Amino acid sequence: MRALAVFASGQGTNFEALVASSRRGELGGRVVALVSDRPDAPALARARRLGIEALPLDAGRRWRTRIEDEGAWVEALRQRGAEFVLLAGFMRRLHVTFLSAFPDRILNIHPSLLPAFPGIDAIRQAWAHGARVTGCTVHLVDESLDAGPIIAQSAVEVRDEDTLESLEARIHDAEHRLYPWAVRRVLSEPWRREGRRLSFEPAPLGRSA
Ligand code: GAR
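Residues numbered from 1 in each chain as written. Predicted model: local features only at pLDDT ≥ 70, side-chain atom pairs only at ≥ 80, totals over all residues. Heavy atoms only, no water.

Within an unreviewed UniProt entry, the label attached to the protein chain reads Phosphoribosylglycinamide formyltransferase, and the organism entered is Eiseniibacteriota bacterium. On record in UniProt, under Pathway (unreviewed entry), the comment for the protein chain is "Purine metabolism; IMP biosynthesis via de novo pathway; N(2)-formyl-N(1)-(5-phospho-D-ribosyl)glycinamide from N(1)-(5-phospho-D-ribosyl)glycinamide (10-formyl THF route): step 1/1." The protein chain has a UniProt comment under Catalytic activity (unreviewed entry) that states "N(1)-(5-phospho-beta-D-ribosyl)glycinamide + (6R)-10-formyltetrahydrofolate = N(2)-formyl-N(1)-(5-phospho-beta-D-ribosyl)glycinamide + (6S)-5,6,7,8-tetrahydrofolate + H(+)". (UniProt positions renumbered as here; feature names shortened; annotations may be inferred.)

Next up, the structure:
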């Protein structure tokens, strides 16, 4: 079973959805660690409660939005045998040392229908813009900001009676369903990339008796 590391800076509700899916045998992989750049992240306490290794790692003081010594982070993941990295509310951008250690093996979830509303506060951005449909996106991570090849998306309608909070709640529900489903596809179905386009191969035909 594929070993997965989840990175989170905040609450970790997507991390918990991934763990739950894995424990139901639906993910096609096993979450071996929850890594955070913030020693006070609630996601770390959630990991301890779930019996998953909680691993705060030092991102350094030099930058606010990137990791100073990515090599140390890569080494920590190698020690744990992690093959894929799942970003789930991780608020730092990854750069060449980290990206080249896990080529096409880093996924992210973003709370909008990309390429609309990249960056921070995406749900609020869509709300303030007056979008009638928004949602969430799972994509491969590359050096761009929220613009790697798209794996899966789920649309969420903005209702007239919505508040920002009710919209956020429905997008989070959609994320908790979409992310495990997308991870399972990536781990268990053959896929290929042509430029930005990512496509899954048709399931192989079963052998006749
Ligand atoms: C999620 O909504 C995720 O899409 C978002 O942070 C939230 C984390 O929630 N990520 C981004 O905005 C990344 N650009 P969680 O910690 O409860 O999973």
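A. The overall build of the protein chain, seen in detail. A count of helical and extended segments in the protein chain gives six helices and nine strands. The 209 residues of the protein chain split such that 47% are buried. Within the protein chain, contacts between residues separated by at least 24 positions form 62% of all contacts whose residues are at least 6 apart in sequence. As presented, the protein chain carries roughly 11100 Å² of accessible surface, and 50% of it is formed by carbon and sulfur atoms. Taking the average location of the 29 positive side-chain charges in the protein chain and that of its 27 negative ones, the two points are 3 Å from each other. (Helix = DSSP H or I, 4+ residues; strand = E, 2+ residues; numbered from the N terminus. Buried < 20%, exposed > 50% of the residue type's maximum accessible area, 1.4 Å probe, protein only. Contact = heavy atoms within 4.5 Å. Areas by Shrake-Rupley, 256 points an atom, 1.4 Å probe, with all protein chains shown as cover. Lys, Arg positive; Asp, Glu negative; His and termini not counted. Charge placed at Lys NZ, Arg CZ, Asp CG, Glu CD.)

B. Quick peek at the pattern of salt bridges. According to the stated counting rule, one finds 13 salt bridges in the structure shown. In this structure, E53 and R80 form a salt bridge, with 2.7 Å as the shortest nitrogen-oxygen distance. Here E53 is found in strand β3 (residues 53–56), whereas its partner R80 is found in the loop between α3 (70–79) and β4 (84–87), with 27 residues between them in sequence. Classification of E53 by relative accessible area gives partly exposed; the value is 33%. Between R132 and D160 there is a salt bridge, with its nearest N and O atoms 2.8 Å apart. Here R132 is found in the loop between α5 (122–129) and β6 (133–140), whereas its partner D160 is found in the loop between β7 (150–157) and α6 (164–188), with 28 residues between them in sequence. What makes D160 exposed here is its relative accessible area of 68%. A single network of salt bridges, built from pairs that share partners, joins E16, R46 and R49. (Salt bridge = Lys/Arg side-chain N within 4 Å of Asp/Glu carboxyl O.)

C. Seen up close, the UniProt feature "active site" (unreviewed entry) in the protein chain. UniProt's entry tags H110 with the feature "active site" (unreviewed entry), counted in the numbering of this structure. Structurally, H110 is set in strand β5 (residues 106–110). Sequence-distant contacts of H110, defined by excluding residues within four places in its chain, comprise F117, P118, G119, A122, G135, C136, T137, D146 and E175.

D. Spatial organisation of the pairing of strand β2 (residues 29–36). Here β2 lies mainly inside the structure; seven of its eight residues are buried. Here strand β1 (residues 2–7) pairs with β2 via six bridges, running parallel. Within β2, the residue paired with L4 across the bridge is V31. The parallel pair β1 and β2 is bridged by helix α1 (residues 13–23), and the resulting crossover is right-handed. Pairing between β2 and β3: four bridges, direction parallel. Bridging across to β3, L34 finds its partner in A54. In the classification by handedness, the crossover that spans β2, the intervening helix α2 (residues 42–50) and the parallel β3 is right-handed. (Pairing = 2+ DSSP bridges. Right-handed = clockwise from strand over helix to strand, strands pointing away.)

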